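Structural description and commentary
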Amino acid sequence: MNSKILYLHGFASSSLSDKAQQTTAYFQQHYPHIDYVALDLPFEPAAALTLIKQHIGQQRNVALIGSSLGGFLATCIAEQIDCRACLINPAVAPHTVLDKHLGRYYHPVLQQHYDVTSAQMSQLQQMMPITLQKPENYLLLLQSGDEVLDYRLALEYYKGATIKLSEGGDHSYIGYANELDAIANFCQLA
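These notes cover the structure that comes with them.

Thresholds, definitions, all that
Residues numbered from 1 in each chain as written. Predicted model: local features only at pLDDT ≥ 70, side-chain atom pairs only at ≥ 80, totals over all residues. Heavy atoms only, no water. Helix = DSSP H or I, 4+ residues; strand = E, 2+ residues; numbered from the N terminus. Buried < 20%, exposed > 50% of the residue type's maximum accessible area, 1.4 Å probe, protein only. Lys, Arg positive; Asp, Glu negative; His and termini not counted. Salt bridge = Lys/Arg side-chain N within 4 Å of Asp/Glu carboxyl O. Polar contact = N/O pair within 3.5 Å; in protein donor to acceptor, adjacent residues only side chain to side chain. Contact = heavy atoms within 4.5 Å. Expected span 1.5 Å × (residues − 1). 1 Å grid on protein atoms, 1.4 Å probe; cavity = no way out; pocket = protein on both sides within 12 Å on 5 of 7 lines; lining within 4 Å. Points joined across faces, edges and corners; volume = space filled by probe spheres on them. Nonpolar A, V, L, I, M, F, W, Y, C, P; charged D, E, K, R; others polar.

Structurally, E79 is set in helix α3 (residues 69-81). For the buried E79, no salt bridge is present, and the opposite-charge side chain at shortest range is K134, 9.3 Å distant. Among the polar contacts listed, one links the side chain of E79 to the backbone nitrogen of Q133, at a separation of 2.8 Å. If near-sequence neighbours (up to four positions away) are discounted, E79 is found in contact with P129, T131, L132, Q133, K134 and Y138.

Shown next, in the form of structure tokens:
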């Protein structure tokens, strides 16, 4: 049973995103005894992984929820510590998508500007697990209408995972709130 849940937002997003807010409200209402945190991740991939690991500490009774780039980061951590991860339209090989989005951005919660660079794309490429050790540790929520990421890459990469593919939708995952019970069940909460 897991007693800690971390929510990991996507690229250029924050703990104030709709999905993060819906997830936070859900866990506060239904699982107030669970140690739940929606992190505001640093823009730099290695720093984001460090922050996630700091929040996990020595605990191994943890589950992760990650959206888009947060899904990629959740995968990196889940492979390292052998935990469950629920991924919403996860980024597979994010360096191949984000390299089209290099430039300056602003983080609304951290209240700072940050630059997305080609060096960070190299970091992402090096961080990507080549193959998954335990695909059964993953629940994938995919929508075929995702306009940002090709859902077929996730179908291939996460072969053997529990996968729910919905026709249509978009990158934000239309109807996400309806999936929160399934996410909580998959996380095996204490």
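So that's the structure; there's more coming.
Moving on to helix α2 (residues 45-56). Taking 1.5 Å of rise per residue, the 12 residues of α2 would be expected to cover 16 Å, and the 17 Å separating its terminal C-alpha atoms lies within 8% of that figure. On the buried face of α2, the contacting elements are β1 (4-8), β3 (62-67), α3 and α5 (118-127). Backbone geometry just downstream of α2 places G57 in the positive-phi region, at approximately 60°.

The method is simple in principle: a probe with the dimensions of a water molecule rolls over the atoms, and the space it marks as empty is what remains. Under the defined criterion, the tally for this structure stands at 2 cavities of 30 Å³ or more. By volume, the largest cavity amounts to about 250 Å³. If you go around the largest cavity, you meet 22 residues; those closest to its centre are F11, A12, P42, F43 and L69. Contributing elements (two or more residues each) for the lining of the largest cavity: α2, α3, β6 (112-116) and α5. Taken together, the residues of the lining of the largest cavity sort by class into 15 nonpolar, 6 polar and 1 charged. The computed volume of the second largest cavity comes to approximately 30 Å³. As for the second largest cavity, its lining consists of P90, A91, V92, V97, L149, D150, L153 and A154. Of the residues belonging to the lining of the second largest cavity, the class tally is 7 nonpolar, no polar and 1 charged.

Another aspect to go through is the layout of surface pockets. Considered as a void within the structure, the largest pocket measures approximately 280 Å³ in volume. The residue inventory of the lining of the largest pocket, partitioned by class, reads 9 nonpolar, 9 polar and 1 charged.

Turning our attention to the environment of A154. Tracing the chain through its elements places A154 in helix α6 (residues 151-157). Judged by its relative accessible area of 2%, A154 is buried. Along the primary structure A154 and Y31 are separated by 123 residues, whereas in three dimensions their C-alpha atoms are 29 Å apart. Among residues more than four places away in sequence, those in contact with A154 are P90, V92, L140 and L142.

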